[in-house]
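Below are the chains, spelled out letter by letter.
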Amino acid sequence: MANRNVPIPRRQLYIGGEWREPVKKNRIPIINPATEEIIGDIPAATAEDVDIAVEAARKAIARDDWGSTTGAQRAKYLRAIAAKVLEKKSVLATLESLDSGKTLFESAADMDDVAGCFEYYADLAEALDSRRKTPVNLNSDSFKTYVLREPLGVVGLITPWNYPLLMAIWKVAPALAAGCAAILKPSELASITCLELGEICREIGLPSGALNILTGLGPEAGGPLASHPHVDKISFTGSGPTGSKIMTAAAQLVKPVSLELGGKSPIVVFDDIDNLDIAAEWTLFGIFANTGQVCSATSRLIVQESIASAFLDRLLKWTKNIKISDPLEEDCKLGPVVSAGQYEKVLKFISNAKSEGATILYGGERPQHLKKGYYVQPTIITDVNTSMEIWKEEVFGPVLCVKTFKTEEEAIELANDTKYGLAAAVMSKDVKRCERFTKAFQTGIIWINCSQPTFNQLPWGGKKRSGFGRDLGEWGLESFLNIKQVTEYTSAEPWAFYKSPSRN
Ligand SMILES: NC(=O)c1ccc[n+]([C@@H]2O[C@H](COP(=O)([O-])OP(=O)(O)OC[C@H]3O[C@@H](n4cnc5c(N)ncnc54)[C@H](O)[C@@H]3O)[C@@H](O)[C@H]2O)c1
Ligand SMILES: C[N+](C)(C)CCCC=O
Ligand code: NA
């Protein structure tokens, strides 16, 4: 087992390059979901602290050491942060697991992804220097024009607990690459590693105020950020209801938002697959990785009737083999869910499914060998119909619901039978069929013969109630840039729209 005695740093808010006690001095306990114990606390920011952080961010943009940097200069900071994350990887990964219940293996992978994301946006920051000013030829003798890509300004980044540091970095890295000054508000349920990012920024000498980190409760710290008149954009990842509130607040000021919300993504499995085990493993990974707390989790299995029984058999065999334990134990593949609230919510979804007439084929309860901690068995639910809550609503836990289909048309209809539109997966060796599904799925992300692999280069986001805007890739950077057109009149001749008074 990894060292569970890694000390939990006691941090303040990270504002203007310094640790600063919240104005109201409140703190929020940190709970380890594997033990239910309080292991530390984080500062609780309020509107007063948001004002101070916004001011620090505005000053950073006005100062040359941040506001006048080139992309190449900012890339150096991003690469220095990436190197520090890797240097501290083991401690950061342990802290992430202690705070969120994520398996140590997954936390360590997240830290690699965090460093990779900073490196990727360092490349894009460098490339931005040659794209900063793009001449546009109008075929005109009278006008010279060009388009500038500029930082959008002060941006608020509000993020969830399921990948606490990684989801923050998907926004922090492009925001800094673009030259914005950012205020990050991570989730109160898992903020430790985001605060450690503050320490890293301090250590590498990131100019003060370029990144500010405010931990605190949603309505108290996130709310004032969303409605602040001097915040130029909010980029949000989290639940649909909170996304709606943020959009409402931002709408009052016509503040742009991008929203990465939830999902109820399908995985469609056809009977032409060569290898049931390969498909079974991807199906499991799609719903049980990170204990199912993944926005893009493929939580609805839609399997062709002819192989349904054999495929479910295989799924059960693989599921029974998953090691459920304290996330710091070696080979743990399923840790607890993040909080008592999430635990109750997931169990309620399962009991509602039962009362609506579905069958709990496997799991559905606390694992017998774990008396403490917010553990839920990996759960597979069959005899589901499309009017059931378990088919329609996002559980955000290790719960897979299953439906069968006969024809391709039926599978497409079932796959799109959701208010969400984040991701969708199809498993088939028929290339043409996969192309038909790629077109038919109403989502922003398509996986063919896999589920969940994610790359920094590719856009991440959805449609329908899964939100709008894209993180990652060049799209992630564009969302923090202001596009400014510049038009210059170069002719020596008068414009001659009005009659000249000198000729009267
Ligand atoms: N699409 C994606 O990329 C993606 C990624 C991760 C999680 N998610 C979604 O996030 C949800 C789970 O995360 P969560 O429980 O942390 O979501 P949440 O909406 O409860 O919280 C997200 C963030 O919003 C803050 N917040 C809460 N109320 C607020 C308010 N009134 N004003 C401003 N900020 C407020 C929270 O403190 C937190 O930082 C799931 O629905 C999941 O699907 C989506
Ligand atoms: C693709 N990952 C790494 C699972 C991240 C998903 C982000 C949303 O929860
Ligand atoms: Na926690």
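Residues numbered from 1 in each chain as written. Chains lettered and ligands numbered in written order. Predicted model: local features only at pLDDT ≥ 70, side-chain atom pairs only at ≥ 80, totals over all residues. Heavy atoms only, no water.

Not every one of the 29 residues close to ligand 1 is listed here, only the nearest: K185, E188, S239, L261 and E394. Take P186: an N or O atom from its main chain is 3.5 Å from an oxygen atom of ligand 1. When isolated, ligand 1 has an accessible area of 850 Å², and the protein chains bury 89% of it. For the shell around ligand 1, the secondary-structure elements that each account for two or more residues are helix 8 (218–226), strand 10 (233–237) and helix 9 (240–251). Sorting elements by how many residues they give to the shell around ligand 1 places helix 8 first, with 4 residues. Grouping the amino acids of the shell around ligand 1 by side-chain chemistry returns 13 nonpolar, 11 polar and 5 charged. (Near = heavy atom within 4 Å. Polar contact = N/O pair within 3.5 Å; in protein donor to acceptor, adjacent residues only side chain to side chain. Areas by Shrake-Rupley, 256 points an atom, 1.4 Å probe, with all protein chains shown as cover. Helix = DSSP H or I, 4+ residues; strand = E, 2+ residues; numbered from the N terminus. Nonpolar A, V, L, I, M, F, W, Y, C, P; charged D, E, K, R; others polar.)

Let us now look at the confidence of the model for the protein. Of the residues in the protein, 99% reach a pLDDT of 70 or more, and the chain-wide mean stands at 97. Here the prediction assigns the complex a pTM of 0.97, and the interface score ipTM is 0.95. (pLDDT = per-residue confidence, 0-100.)

Counted under the stated rule, the structure contains 15 aromatic pairs. Arranged with centres 5.3 Å apart and planes meeting at 65 degrees, the rings of W170 and W460 form a pair that is edge-to-face. With a gap of 290 residues between them, W170 in helix 6 (residues 164–178) and W460 in the loop between strand 19 (445–448) and strand 20 (463–464) connect regions that are remote in the sequence. In this pair, the class of W170 matches that of W460, namely buried. Ring geometry for W447 and W460: centres 6.1 Å apart, planes at 55 degrees, overall tilted. Here the residue W447 occupies a position in strand 19, and W460 occupies one in the loop between strand 19 and strand 20, the gap between them amounting to 13 residues. We classify W447 as buried; its relative accessible area is 5%. Clustering of aromatic rings is evident, with ring pairs tying together F270, F405, F437 and F441. The ring of Y146 is capped by K133, whose NZ or CZ atom sits 4.3 Å from the centre of that ring. (Phe/Tyr/Trp six-rings, centres within 6.5 Å; stacked < 30°, edge-to-face > 60°. Buried < 20%, exposed > 50% of the residue type's maximum accessible area, 1.4 Å probe, protein only. Lys NZ or Arg CZ within 6 Å of the ring centre and 35° of its normal.)

This paragraph deals with the pairing of strand 12 (residues 265–269). Of all 5 residues in strand 12, 5 are buried, a share of seventy percent or more. Burial of strand 12 is two-sided: the residues S265, I267 and V269 facing one way and the residues P266 and V268 facing the other way are all buried. With 5 bridges joining them, strand 12 and strand 13 (residues 298–304) adopt parallel strand pairing. In the sheet register, V269 faces strand 13, and the bridge partner there is V303. (Pairing = 2+ DSSP bridges.)

This part takes up the coordination of the sodium ion (ligand 3). For the sodium ion (ligand 3), the protein coordination sphere consists of I31 (O), D99 (O), D99 (OD) and L189 (O), at 2.3 to 2.6 Å. Mapped onto the polypeptide sequence, the residues donating to the sodium ion (ligand 3) form the spacing pattern I-x67-D-x89-L. Of this pair, I31 sits in strand 3 (residues 27–32) while L189 sits in the loop between strand 8 (181–185) and helix 7 (192–204), and the two are 158 residues apart along the sequence. On the basis of relative accessible area, L189 is assigned to the partly exposed category, the value being 34%. (Donors = N, O, S within 2.8 Å, 3.2 Å for Na, K, Ca; no water.)

The sites that UniProt annotates as "active site" (unreviewed entry) are E260. Exposure remark for E260: the relative accessible area of 3% places this residue in the buried category. Not counting residues within four places of it along the chain, the set of residues in contact with E260 comprises K171, F236, T237, G238, W460, G461, G462, S466, G469, R470 and D471. (UniProt positions renumbered as here; feature names shortened; annotations may be inferred. Contact = heavy atoms within 4.5 Å.)

Here 7 strands make up an open sheet; going across it, the order is 14-15-16-13-12-18-19 and the pairing mixed. Where the open sheet ends on each side, the last strands, each with one partner, are strand 14 (359–362) and strand 19. Adjacent strand axes in the sheet meet at a mean angle of 25 degrees when their direction is disregarded. Of the pairings in the sheet, the one linking strand 15 (residues 379–382) to strand 16 (residues 399–405) comprises 3 bridges and is parallel in character. Considered in strand 16, the bridge of I380 is made with L400. Helix 14 (residues 408–415) contacts strand 12, strand 13 and strand 16 of the sheet and is inclined by roughly 150 degrees relative to strand 16. (Axes fitted to C-alpha atoms, helices over the stretch in contact; angles between N-to-C directions.)

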